[in-house]
Amino acid sequence: MQLVITEKMSVGKSIAEVVGITKMKGRYMEGNGYLVSWCVGHLVELAQPESYVERWKKWTYGSLPVKPEKWQYEVKPDTREQYEVLAGLMHREDVDCVICATDVG
């Protein structure tokens, strides 16, 4: 099974049409050996400064530069549902290939 991830739903629907998928299954489409789903903008973002240390919550000249040893990421609250759909699809046992059909940026 090949998982195709697009940038937005309209592109996902176009790709699904080309590979012969006609039915939606919630937030993805499945058929003919393909799963097609999409992002909804950026699903993940850099963690807020206070996620590292409390003193970075309020910006001061003394706290600059904010330069964590290891950068952390967070799922955006308004995209969590779609993130979980994609994570679930990527971890399906029958998925052997993920195709990134988003822009390169």
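Residues numbered from 1 in each chain as written. Predicted model: local features only at pLDDT ≥ 70, side-chain atom pairs only at ≥ 80, totals over all residues. Heavy atoms only, no water.

### So, the side chain of serine 63
Test applied: Comment: elements are numbered from the N terminus, with helices defined as DSSP H or I runs of at least four residues and strands as E runs of at least two. Only protein chains enter the accessibility calculation, which uses a 1.4 Å probe; a residue whose area is less than 20% of its type maximum is buried, one above 50% is exposed, and one in between is partly exposed. Distance and chemistry together define a polar contact, namely a pair of N or O atoms within 3.5 Å, with one atom able to donate a hydrogen and the other to accept it when in protein, and with adjacent residues in sequence counting only for side-chain atoms on both sides. Working rule for contacts: check all heavy atoms of both residues, and any pair within 4.5 Å makes them a contact.
Relative to the elements of secondary structure, serine 63 occurs in the loop between strand 4 (44-46) and strand 5 (73-75). Taking the relative accessible area as the measure of exposure, serine 63 reaches 10% and is therefore buried. Among the polar contacts listed, one links the side chain of serine 63 to the backbone oxygen of threonine 60, at a separation of 2.9 Å. In this structure, serine 63 is in contact with Trp56 and Lys58, ignoring residues within four places of it in sequence.

### Some thoughts on the sheet that holds strand 3 (residues 34-38)
Basically, it comes down to this: Strand pairing follows a simple DSSP-based rule, namely that at least 2 bridges must link the two strands. To obtain an axis, a line is fitted to C-alpha atoms, over the contacting stretch when the element is a helix, and the angle between two such axes runs from 0 to 180 degrees between their N-to-C directions.
Spatially, 2-3-1-6 is the arrangement adopted by the four strands of the open sheet, whose pairing is mixed. Strand pairing shows two members of the sheet lacking a second neighbour, strand 2 (28-31) and strand 6 (97-101), which therefore form its edges. If you compare each strand with its neighbour and ignore which way they point, the axes differ by 15° on average. Sheet analysis places strand 2 next to strand 3, joined by four bridges and oriented antiparallel. Residue pairing across strands places glutamate 30 opposite leucine 35, the latter belonging to strand 3.

### Some details on the nonpolar core
We count it as follows: To define a nonpolar core, start from buried Ala, Val, Leu, Ile, Met, Phe, Trp, Tyr and Cys residues and group those joined through side-chain atoms within 4.5 Å.
One finds Leu3, Ile5, Tyr28, Leu35, Cys39, Leu43, Leu86, Leu89 and Val95 forming the largest nonpolar core, which totals nine residues. Residue contacts for cysteine 39: discarding those within four places in its chain leaves Ile5, Thr6, Glu7, Lys8 and Leu86. Within the second largest apolar cluster, six residues are counted, among which are Ala16, Ile21, Val36 and Trp38.

### Some details on the pattern of salt bridges
We apply this condition: Every case where a carboxyl oxygen of Asp or Glu lies within 4 Å of a side-chain nitrogen of Lys or Arg is listed as a salt bridge.
Scanning the model with the defined rule gives five salt bridges in all. We note a salt bridge from glutamate 81 to arginine 27, for which the minimum N-O separation is 3.2 Å. Taken as a pair, glutamate 81 in helix 2 (residues 80-90) and arginine 27 in the loop between helix 1 (9-18) and strand 2 lie far apart in primary sequence, 54 residues in all. A relative accessible area of 32% places arginine 27 in the partly exposed class.

### Some remarks on helix 2
In plain terms, the rule: What the arc describes is the spread of directions from the helix axis to the C-beta atoms.
Residues of helix 2 that are buried include every one of Gln82, Leu86 and Leu89, and no others. In a view along the axis of helix 2, the buried residues occupy a sector of 60°, so they form one face of it. For helix 2, the elements touching its buried residues are strand 1 (2-6), strand 2 and strand 3.

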